Amino acid sequence: MRNWAKSRTRGRKLHSTGAKARAGRASKSRADLERQLKTCKQEIANARERLVEATKQQTATSEMLRIISDSPLQSVLDAVAEHAARLCDSNNAEIYRLDNNVLRLVASYGELPVHIQARGGFPANRDRVIGRAVCDRRSVHVHDLAAEDSEYPLGSSDAKRQGHRTTLGTPLLRERTPIGVILFRRWEVRPFSDNQIALLETFADQAAIAIENVRLLEAEKQRALALAHANRDLAQREAKVRRLVDANIIGIFIFDLEGRIVEANDAFLQMVGYDQEDFIAGSVRWADLTPPEWRDRDERAVTELKETGTVQPYEREYFRKDGSRVPILIGSAAFDEQRGHGVAFVLDLTERKQAEAEARQSEQKYREMQTELAHANRVATMGQLAASIAHEVKQPVAAMVTNAQAGLSWLGAQPPNLEKAWQTFGYIVSDGMRARDVVDRIRDMIKKAQPRKQLLNINDAVREVIELVRGETMKNGISVHTFLTEGTPPLEGDRVQLQQVMLNLVMNAVEAMNATSEDARELLISTRQTERDVVLVEVRDTGPGLAPATLNQLFDAFYTTKPGGLGLGLSICRSIIEAHGGRLSAKANVPRGAIFEFSLPAAPDVAKQPAVVSAT
Ligand code: ADP
């Protein structure tokens, strides 16, 4: 028992020693454990804090990305300011963009101090926190800006005025180049933690990327928009060109510089007489349409097209399918930069050329008419001068008579004086030759003036005269009116001479109207039938008119009131009209001006006459 007890005691002793040791060990390991636990707790707290911050950052970042993906730049900047302010627990956040070395406020969030200057921008220099962050390309953290007069003179005075203290400026960098700054402010001195600063820097980097993305996105959108506009314009232009091609108002064909006509519209096909199939088969080339003498011009056009992209319109000819030629006007433009394809615009000039030829013909006709009239004028003038010419003839004839009488006397003398008679006959011969010369001259002059009687329509003759004087009347601002009664009977007479009369009357009227300062210059030419067989032609003007006292003298030869006038016109006109069996007279027009009128008998027995010869 004792042993047991001893052993128990011993055992107790032993037990108590071991327990002590165990207890010591246990308390040590508990302290260790507690320490470890504390460390673990700290680590967990740190990890949680990091996790919270990371989550905050991630949330903010993904929120940013969401905003970026479908927002305009301003919304992105506003979101950046808001998230940044919240993340770092600052009273406000501002974003500045760097533009030509000036920092301009573009977004802000939180309680805002009043600073009007911000909108105008701050120079990016070292006097303010934002400028310093840009210059040094790193975050600038100032615990109490109000106390930093010497380091940040302007920033510090802003701080004192506006009431902010701890300030952090973080640059927004794009590939190490500052594009702006985010500025954080606290109203009290409470520096940002290293974690916060690191977080904000990461955030600033992402914000810079986001801004850049938005910028790129905007640029891309602009490019896409411009492309869409360009495509729409192109489509509209193509539609217009297509409408032009299909409208067939002018000929259009598309060609390549290897000589093929790739496409042509109906207007062009009609011009050259080909079918669409001819061109589709590729057997017809534009060189085939070109007559040999136009080949050089063709080559010049190709060079022009290659150099400038267009060919100025020029006139030329094409061969039709049947070998005939068509005159055209052609211009062309290259389709593409390589200038391998082009479009040609072709106008058919056939009608214009015909009209030109006709105009040339009628011009020629009028020139001939004018020559004829001028000739008739000369002949008629000669008629007037016949009196003075007769005088020239009379003289040698009288001399011949005198000399012949003298010759007879010499021959009748006893004995006959042959020598004197011989001499006298010599005089007679030379007088005769002088008279013959005079007669020859007259004959030469009037040779062409053989009266040519023909049936004529007086209205046609008047129209031709009006055409002749159109230039003169237009030049003098005279308006010409006609009142030509249709169905007047035809006349028989010399068209040229009668037109010469009209021409004289019209030119006198023009000259008379030119002599007045009256504005209304009007010429009226009318025709009508007065009696059954009489046709009347009237020329009325609005000139100064005729003094009653001069009415009788007007038709006298050499009566003129014009400085360079001959005074023969009206007397010649009267002779011509009278030679045609008519009458020419003058009277006053009302309210002013003169009327010259002549009547002519209609051709006898019109019904039996051949068809009227029209003057046109
Ligand atoms: P000229 O024209 O050479 O003078 P004319 O015999 O044709 O010769 O005309 C004679 C004159 O008659 C003119 O000088 C002019 O005084 C007068 N006379 C002719 N026509 C007109 C007219 N339409 N109005 C006024 N006077 C006219």
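Look up: the structure comes first, before these words.
Residues numbered from 1 in each chain as written. Predicted model: local features only at pLDDT ≥ 70, side-chain atom pairs only at ≥ 80, totals over all residues. Heavy atoms only, no water.

J.: Quick question: what am I supposed to make of the sheet that holds strand 13 (residues 479–484) here?
T.: Strand pairing in a sheet relies on backbone hydrogen bonds. The paired strands run either parallel or antiparallel. Overall, mixed pairing links the 5 strands, which are arranged 13-15-16-18-17 in an open sheet. Edge positions in the sheet fall to strand 13 and strand 17 (583–588), since each has one partner strand and no second. Across the sheet, the mean angle from the axis of one strand to that of its neighbour is 15°, orientation sign disregarded. Where strand 15 (residues 522–529) and strand 16 (residues 534–540) come together, 6 bridges link them in antiparallel fashion. When the bridges of strand 16 are listed, Arg528 appears paired with Leu536. In the packing of helix 12 (residues 458–475) onto the sheet, the strands contacted are strand 13, strand 15 and strand 16, and the crossing angle to strand 13 comes to about 175°. The strands touched by helix 14 (residues 569–579) within the sheet are strand 17 and strand 18 (594–601), with strand 17 carrying the most contacts at an inclination of about 135°. (Pairing = 2+ DSSP bridges. Helix = DSSP H or I, 4+ residues; strand = E, 2+ residues; numbered from the N terminus. Axes fitted to C-alpha atoms, helices over the stretch in contact; angles between N-to-C directions. Contact = heavy atoms within 4.5 Å.)

J.: Would you mind going over the side chain of Glu94 with me for this structure?
T.: Here Glu94 lies in strand 1 (residues 92–99). For Glu94, a relative accessible area of 1% translates into the label buried. At a separation of 2.7 Å, a polar atom in the side chain of Glu94 contacts the side chain of Tyr96. (Buried < 20%, exposed > 50% of the residue type's maximum accessible area, 1.4 Å probe, protein only. Polar contact = N/O pair within 3.5 Å; in protein donor to acceptor, adjacent residues only side chain to side chain.)

J.: Got a minute to help me understand the site of the ligand in this structure?
T.: What surrounds the ligand is a group of 19 residues, the closest being Asn508, Thr560, Thr561, Lys562 and Leu570. The separation between an oxygen atom of the ligand and a polar side-chain atom of Asn508 is 2.9 Å. Between the ligand and the protein, one listed contact pairs an oxygen atom with a side-chain N or O atom of Thr560 at 2.6 Å. In isolation the ligand offers 530 Å² of accessible surface; the protein chains occlude 91% of this area. Those elements giving two or more residues to the shell around the ligand turn out to be helix 13 (495–514), helix 14 and strand 18. In terms of residue count, the dominant contributor to the shell around the ligand is helix 13 (3 residues). The residue inventory of the shell around the ligand, partitioned by class, reads 10 nonpolar, 7 polar and 2 charged. (Near = heavy atom within 4 Å. Areas by Shrake-Rupley, 256 points an atom, 1.4 Å probe, with all protein chains shown as cover. Nonpolar A, V, L, I, M, F, W, Y, C, P; charged D, E, K, R; others polar.)

J.: It is not clear to me how helix 6 (residues 194–247) should be interpreted in this structure. Could you clarify?
T.: For an α-helix, 3.6 residues make a turn, and residues three or four places apart therefore share a direction. Counted at 1.5 Å a residue, the expected span for helix 6 with its 54 residues is 80 Å, and the 77 Å between its end C-alpha atoms agrees. Downstream of helix 6 by a residue or two, Asn248 has a phi angle that is positive, lying close to 55°. (Expected span 1.5 Å × (residues − 1).)

J.: Can you help me understand the packing of helix 2 (residues 73–87) against helix 6 in this one?
T.: For any two helices packed against each other, one specifies the crossing angle of their axes together with the interaxial distance. One way to put it is that helix 2 packs onto helix 6 with a least axis distance of 10 Å and a crossing angle of 175°. Here helix 6 runs roughly antiparallel to helix 2, going by the angle between their axes. Every residue of helix 6 that contacts helix 2 at Leu73, Val76, Leu77, Val80, His83, Ala84 and Leu87 is listed here: Leu199, Leu200, Phe203, Ala207, Ala210, Ile211 and Val214. (Parallel < 35°, antiparallel > 145°, perpendicular 65-115°, else oblique.)

J.: Explanation requested: the sheet that holds strand 1 in the structure shown.
T.: Strand order across the open sheet formed by 6 strands is 3-2-1-6-5-4, with antiparallel pairing between neighbours. Only two strands of the sheet have a single neighbouring strand rather than two, namely strand 3 (122–123) and strand 4 (140–142). Judged from the 6 bridges that link them, strand 1 and strand 6 (residues 177–185) form a sheet pairing that is antiparallel. In the sheet register, Tyr96 faces strand 6, and the bridge partner there is Val181. On the sheet, helix 2 packs against strand 1, strand 2 (102–110) and strand 6 and is oriented at approximately 60° with respect to strand 2. Along the sheet, helix 4 (residues 129–136) contacts strand 1, strand 2, strand 3, strand 4, strand 5 (167–174) and strand 6; its crossing angle with strand 6, the most-contacted strand, is approximately 145°.

J.: Would you mind showing me how to read the pattern of salt bridges here?
T.: Opposite charge on two side chains permits them to pair, given that their charged atoms come into close proximity. Scanning the model with the defined rule gives 32 salt bridges in all. The closest approach of N and O atoms between Arg463 and Asp460, which form a salt bridge, is 3.0 Å. Taken together, the residues span about one helical turn, with Arg463 and Asp460 both in helix 12 at a distance of 3 residues. Among the ionic pairs, Arg495 bridges to Glu464, the shortest N-O distance being 3.2 Å. Linking Arg495 in helix 13 with Glu464 in helix 12, this pair joins segments that are 31 residues apart in sequence. Taking the relative accessible area as the measure of exposure, Glu464 reaches 2% and is therefore buried. (Salt bridge = Lys/Arg side-chain N within 4 Å of Asp/Glu carboxyl O.)

J.: Honestly, the packing of helix 12 against helix 13 in this entry has me stumped. Any pointers?
T.: With their axes 10 Å apart at the nearest point, helix 12 and helix 13 run at an angle of 40° to one another. Considered as vectors, helix 12 and helix 13 are oriented oblique to each other. In the crossing of helix 12 with helix 13, the sense of the turn from one axis to the other is right-handed. When helix 12 is examined against helix 13, the residues Ile458, Ala461, Val462, Glu464, Val465, Val469, Glu472 and Thr473 are found in contact with a partner set consisting of Arg495, Gln499, Met502, Leu503, Val506, Met507 and Val510. (Left-handed = near helix turned anticlockwise from the far one by under 90°.)

J.: I tried to follow the packing of aromatic side chains on my own but got confused; where do I start?
T.: A ring pair, where both rings are aromatic, is described by two values, the distance of the centres and the angle of the planes. Under the defined criterion, the tally for this structure stands at 6 aromatic pairs. Taking 6.0 Å as the distance between ring centres and 55° as the angle between the ring planes, the aromatic pair formed by Tyr96 and Phe122 counts as tilted. With Tyr96 in strand 1 and Phe122 in strand 3, this residue pair connects regions lying 26 residues apart in the sequence. Here Tyr96 matches Phe122 in class, with each residue buried. Centre to centre, the rings of Phe268 and Tyr318 are 6.1 Å apart; their planes meet at 80°, and the pair counts as edge-to-face. Here the residue Phe268 occupies a position in helix 7 (residues 266–272), and Tyr318 occupies one in strand 9 (residues 310–319), the gap between them amounting to 50 residues. Judged by its relative accessible area of 3%, Tyr318 falls in the buried class. Above the face of the Phe555 ring, Arg574 is positioned so that its terminal group lies 3.8 Å from the ring centre. (Phe/Tyr/Trp six-rings, centres within 6.5 Å; stacked < 30°, edge-to-face > 60°. Lys NZ or Arg CZ within 6 Å of the ring centre and 35° of its normal.)

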